[in-house]
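The lines below spell out each chain.
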Amino acid sequence: MNDHRRLGRELGIFDTDPLVGSGLPFWLPAGAAIRKAVEDYVHELERRHGYQHVNSPVLGKRELYERSGHWAHYAEDMFPPMLLGGEEFVLRPSLCPHHALIYRSRQRSHRDLPLRVAELGGMYRSELSGVLGGLTRVRAVQLNDGHVFCAPEQAAAEVSAALDLVETAHALLGVRAARYRLSLRGDGGKFVDDAAMWARAEAVLRAVLEERGRPYDEERGEGAFYGPKIDIQVADPAGRESTLSTVQVDFFQPGRFDLGYVGGGRPVMVHRSVVGSLERLVAHLIEVHGGAFPAWLAPVQAVVLPVSDAEVPAAEGLVRRCVAAGLRAELAPPARGSLGARIRAHRLVPYQLVVGPREVAAGDPPDAAPVRLRDGGQAGVVPVEELAAWSRPAF
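To keep things clear, this report deals only with the structure shown in the data block. Quick caveat, the model's predicted, so the values are computed rather than measured.

## A word on the overall build of the chain
Helix and strand counts for the chain come out as 13 helices and 18 strands. Principal-axis analysis of the C-alpha atoms places the extent of the chain at approximately 75 × 45 × 45 Å. Expressed as a percentage of its 395 residues, the buried residues of the chain come to 50%. Sequence separation of at least 24 residues holds for 71% of the intrachain contacts in the chain that already meet a minimum separation of 6. Entry remark: accessible area of the chain is about 17,600 Å², with carbon and sulfur atoms responsible for 50%. Charged side chains of the chain number 46 positive and 49 negative; the gap between the two group centres comes to 1 Å.

Here it is as structure tokens:
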């Protein structure tokens with residue numbers, strides 16, 4: 001059974017150190033490469049679907065989170081305030097208050113709606129030490145977040161469009177949903193006390209799920225404090241569930257921030273995360289793929305293997321061609337062992353390019369080489385540019 005905590009360290013994806021602290025993993029080169037590939041893919045997917053990307057600070061005044069409702073309903077999960085110049089600042093537990101301020105930074109018209117904004121941003125949760133583990137439960141989260149500000153009559157269509165993005169990304173990543181969950185409010189002060197508002201938001205989510213023909217389970221007490229959400233649940237090899245992606249309907253925060261638009265009333269705020277937090281996503285991908293990631297996602301996409309020392313200069317030139325074409329490529333020279341040993345050592349790399357005397361004779365450096373696939377199959381002699389095209393995500 002693949003455990004991301006063990007395999008992630010063995011593959012050089014992430015690690016931790018007591019001097020940094022529990023729940024604060026750092027990304028090693030292989031992990032940073034995976035993370036960047038996911039970031040680039042999601043950024044482009046969102047751009048193609050009408051999102052504008054923004055960046056916002058990782059902290060704000062306590063007053064901001066009092067306005068958003070986080071301080072009243074979510075303070076136990078937030079880090080304590082820091083006193084700076086007589087004012088209290090807080091590491092943000094969520095990006096939505098900042099995006100609400102971005103919306104209200106300009107006058108908006110009904111013709112501007114829906115306004116879709118997205119950000120890959122840091123947020124911070126004051127998790128207890130006992131629940132921390134690997135990448136799945138951390139204190140510093142890099143979240144693929146986004147918010148759609150739309151007219152009430154547009155909300156259902158925007159929720160459905162967000163689910164389209166989630167399902168598109170999951171298919172490419174090799175993620176399979178365990179189930180869809182409609183997460184509702186529970187009892188107590190954790191949730192905003194407005195039954196009519198909750199019923200209105202729940203009706204939108206139910207209608208979308210039913211129109212899409214998606215079976216779902218209802219669970220009380222799992223909603224956000226401001227509204228219900230559709231959670232896409234995934235399971236690890238041991239059957240333990242976690243939430244990866246989510247879509248939420250929020251009638252609460254637009255009112256708290258007095259959001260509006262000319263020629264209409266108050267917008268609805270649709271929160272959505274296509275792939276969730278990068279930490280939890282990569283943990284799941286490590287376990288799903290066992291380190292044999294799809295070519296577009298692999299930390300090293302191509303390894304160049306000179307047969308002998310005589311081919312090393314040509315192999316180095318081929319690596320440079322691969323890198324220039326956009327491939328993540330590296331050299332495995334004969335000093336690391338026999339050709340067979342080097343092939344086995346790089347068994348998780350999607351493409352293995354073998355450089356022998358024939359490739360040296362074909363060009364200096366060669367622009368193509370025989371490609372061995374990690375399953376042992378042979379792809380024949382493949383030009384570098386074609387190999388680079390194989391290694392890009394499809395949209």
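Still to come is the rest of the account.
## Side note on the sheet that holds strand 6 (residues 87–91)
Paired through their backbone hydrogen bonds, the strands of a sheet run either parallel or antiparallel. The strand order across the open sheet formed by 3 strands is 4-6-5, and the pairing between neighbours is antiparallel. Lying at the two open borders of the sheet, with one neighbouring strand each, are strand 4 (59–61) and strand 5 (82–84). For this sheet the average axis-to-axis angle between neighbouring strands, irrespective of direction, equals 40°. Across 3 bridges, strand 4 lies against strand 6 in antiparallel orientation. Following the sheet pairing, Gly60 is matched in strand 6 by Val90.

## Side note on helix 6 (residues 155–173)
Across its 19 residues, helix 6 extends 27 Å between first and last C-alpha, which sits within 8% of the 27 Å expected from 1.5 Å per residue. Taken residue by residue, helix 6 has Ala155, Glu158, Val159, Ser160, Ala162, Leu163, Leu165, Val166, Ala169, His170 and Leu173 as its buried positions. Among the residues trailing helix 6, Gly174 stands out with phi positive, at a value near 80°.

## Topic: the nonpolar core
One recurring pattern in soluble globular proteins is that nonpolar side chains are buried together. Counting residues in each nonpolar core, the largest one holds 61 residues, and the members touching the most others are Val159, Leu173, Ile230 and Leu297. In contact with Ile230, not counting residues within four places along its chain, are Val159, Leu163, Tyr180, Arg181, Leu182, Leu205, Leu209, Ser245, Thr246 and Val247. Ala315, Leu327, Leu353 and Val384 belong to the second-largest nonpolar core, a separate cluster that totals 21 residues.

## Overview of the pairing of strand 16 (residues 351–355)
Taken across its 5 residues, strand 16 has 5 buried, putting it largely inside the fold. Burial of strand 16 is two-sided: the residues Tyr351, Leu353 and Val355 facing one way and the residues Gln352 and Val354 facing the other way are all buried. Two elements, strand 14 (residues 302–306) and strand 16, share 5 bridges in a ladder whose sense is parallel. Across the sheet, the residue bridging to Val304 is Leu353, located in strand 16. Inspection of the sheet shows strand 16 paired to strand 17 (residues 368–373) by 3 bridges, in the antiparallel sense. Bridge assignment links Gln352 to a residue of strand 17, and that residue is Arg372.

## Quick look at the packing of helix 6 against helix 7 (residues 195–211)
Between helix 6 and helix 7, the least distance of the axes is 9 Å, while the angle of their chain directions is 50°. Judged by the angle between their axes, helix 6 and helix 7 are oblique. Handedness of the crossing formed by helix 6 with helix 7: right-handed. Of helix 7, the residues touching helix 6 (which contributes Ala155, Ala156, Val159, Ser160 and Leu163) are Val204, Leu205 and Val208.

Procedures and definitions
Residues numbered from 1 in each chain as written. Predicted model: local features only at pLDDT ≥ 70, side-chain atom pairs only at ≥ 80, totals over all residues. Heavy atoms only, no water. Helix = DSSP H or I, 4+ residues; strand = E, 2+ residues; numbered from the N terminus. Buried < 20%, exposed > 50% of the residue type's maximum accessible area, 1.4 Å probe, protein only. Contact = heavy atoms within 4.5 Å. Areas by Shrake-Rupley, 256 points an atom, 1.4 Å probe, with all protein chains shown as cover. Lys, Arg positive; Asp, Glu negative; His and termini not counted. Charge placed at Lys NZ, Arg CZ, Asp CG, Glu CD. Pairing = 2+ DSSP bridges. Axes fitted to C-alpha atoms, helices over the stretch in contact; angles between N-to-C directions. Expected span 1.5 Å × (residues − 1). Core = buried A, V, L, I, M, F, W, Y, C linked by side-chain atoms within 4.5 Å. Parallel < 35°, antiparallel > 145°, perpendicular 65-115°, else oblique. Left-handed = near helix turned anticlockwise from the far one by under 90°.

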